[in-house]
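# Reading the structure
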Amino acid sequence: MVLDTQLLRKEQTRQASKIILHDELPPLKLIGGADVGFEQQGAITRAVVAVLSWPQLELVEYQIARIPTQLPYIPGLLSFREVPGLMAAWEKIQNKPELVLVDGQGIAHPRRFGVACHFGLQANIATIGVAKSRLCGDAVELSEEPESVQPLMAGENQLGWVLRSKKRCKPLYVSPGHKVGFSSSLEWVKQCLKGYRLPEPTRFADGIASNRTFFKRMNEKIS
DNA sequence: GCGACAG
DNA sequence: ATCTTGTCGC
């Protein structure tokens, strides 16, 4: 497999200019979560899109797509590895949500084009990036208090937020993906918090993508 | 040149 | 990300 990383980075910079950083959300009825897991030592990508009701946040539908993994993991180029599978799962979704929380960065990315941006642009849907660790940017030390927030900065420019979603847990890195602004990104994520570190849409997608038994059992509950 | 580095 | 048991702390 030949891989021109220079070209992929250039492509990200080009696509990043198409990202819309203000709210273009219709009234919300459904909210989605997207994540991927792997099988067979990474050879197979298992992508999941979960759809929850709003504001009840109950699982309505989920779809899984299994495809051969296209690329290795390269920091900064994650979206090229994950978006093909996510798009396949997205196309199977019957109840399309108006907003999707994607596992990974939005614009908090070296070229302002994380996986949430890539997926949002390709699916033409509003997205927010919810990452479990930092890729780039800086923030002042975060208070231990739950719900405490600090802006994630790149010099004078804001990239997103660092959010303490739960006591004694590592913070979340929240950033706009597509068709949402900074403040609403933070608000949507906070409103999806239900006592766990991850917001519900991401938590379900993550649980299903990782084959956790609890989430696998949801199978019969909705079908 | 060196360190950092989503999943 | 994934492979994995017990274990420490609330």
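Only a predicted model underlies this, so the values are computations on that prediction, with no experimental measurement involved.

The rules behind these values
- Residues numbered from 1 in each chain as written.
- Chains lettered and ligands numbered in written order.
- Predicted model: local features only at pLDDT ≥ 70, side-chain atom pairs only at ≥ 80, totals over all residues.
- Heavy atoms only, no water.
- Helix = DSSP H or I, 4+ residues; strand = E, 2+ residues; numbered from the N terminus.
- Rg over C-alpha atoms; globule rule 2.2 N^0.38 Å.
- Buried < 20%, exposed > 50% of the residue type's maximum accessible area, 1.4 Å probe, protein only.
- Areas by Shrake-Rupley, 256 points an atom, 1.4 Å probe, with all protein chains shown as cover.
- Lys, Arg positive; Asp, Glu negative; His and termini not counted.
- Charge placed at Lys NZ, Arg CZ, Asp CG, Glu CD.
- Near = heavy atom within 4 Å.
- Polar contact = N/O pair within 3.5 Å; in protein donor to acceptor, adjacent residues only side chain to side chain.
- Nonpolar A, V, L, I, M, F, W, Y, C, P; charged D, E, K, R; others polar.
- UniProt positions renumbered as here; feature names shortened; annotations may be inferred.

Looking only at helices and strands, chain A has seven helices and eight strands in total. Taken over the C-alpha trace, chain A has a radius of gyration of 16 Å; the compact-globule value for 223 residues is 17 Å, and the two agree within 12%. Along the three orthogonal principal directions, the C-alpha set of chain A runs to about 50 × 45 × 35 Å. Within the span of chain A, comprising 223 residues, buried residues form 55% of the whole. Summed over all atoms, the accessible surface of chain A reaches about 10,600 Å², with 50% contributed by carbon and sulfur. Computed over 28 positive and 22 negative side-chain charges, the separation of the two mean positions in chain A equals 4 Å.

Let us look at the protein's contact with DNA strand B. In the neighbourhood of DNA strand B, 18 residues make up the surrounding shell, with Tyr 73, Gly 76, Lys 132, Ser 133 and Arg 134 lying closest. Each atom of DNA strand B within 4 Å of the protein belongs either to a base or to sugar and phosphate, the latter forming 51%. A distance of 3.3 Å separates a base nitrogen of DNA strand B from a polar side-chain atom of His 109. Within the contact set of DNA strand B, a phosphate oxygen lies 2.7 Å away from a backbone nitrogen or oxygen of Lys 132. Looking at the surface near DNA strand B, the element that brings in the most residues is helix 2 (residues 78–92), giving three residues. Residues of the surface near DNA strand B, tallied by class, amount to seven nonpolar, five polar and six charged.

Before going further, it helps to spend a moment on the UniProt feature "site: Interaction with target DNA" (unreviewed entry) in chain A. In the numbering used here, UniProt assigns the feature "site: Interaction with target DNA" (unreviewed entry) to Tyr 73. Relative to the helices and strands, Tyr 73 is located in the loop between strand 3 (59–68) and helix 2.

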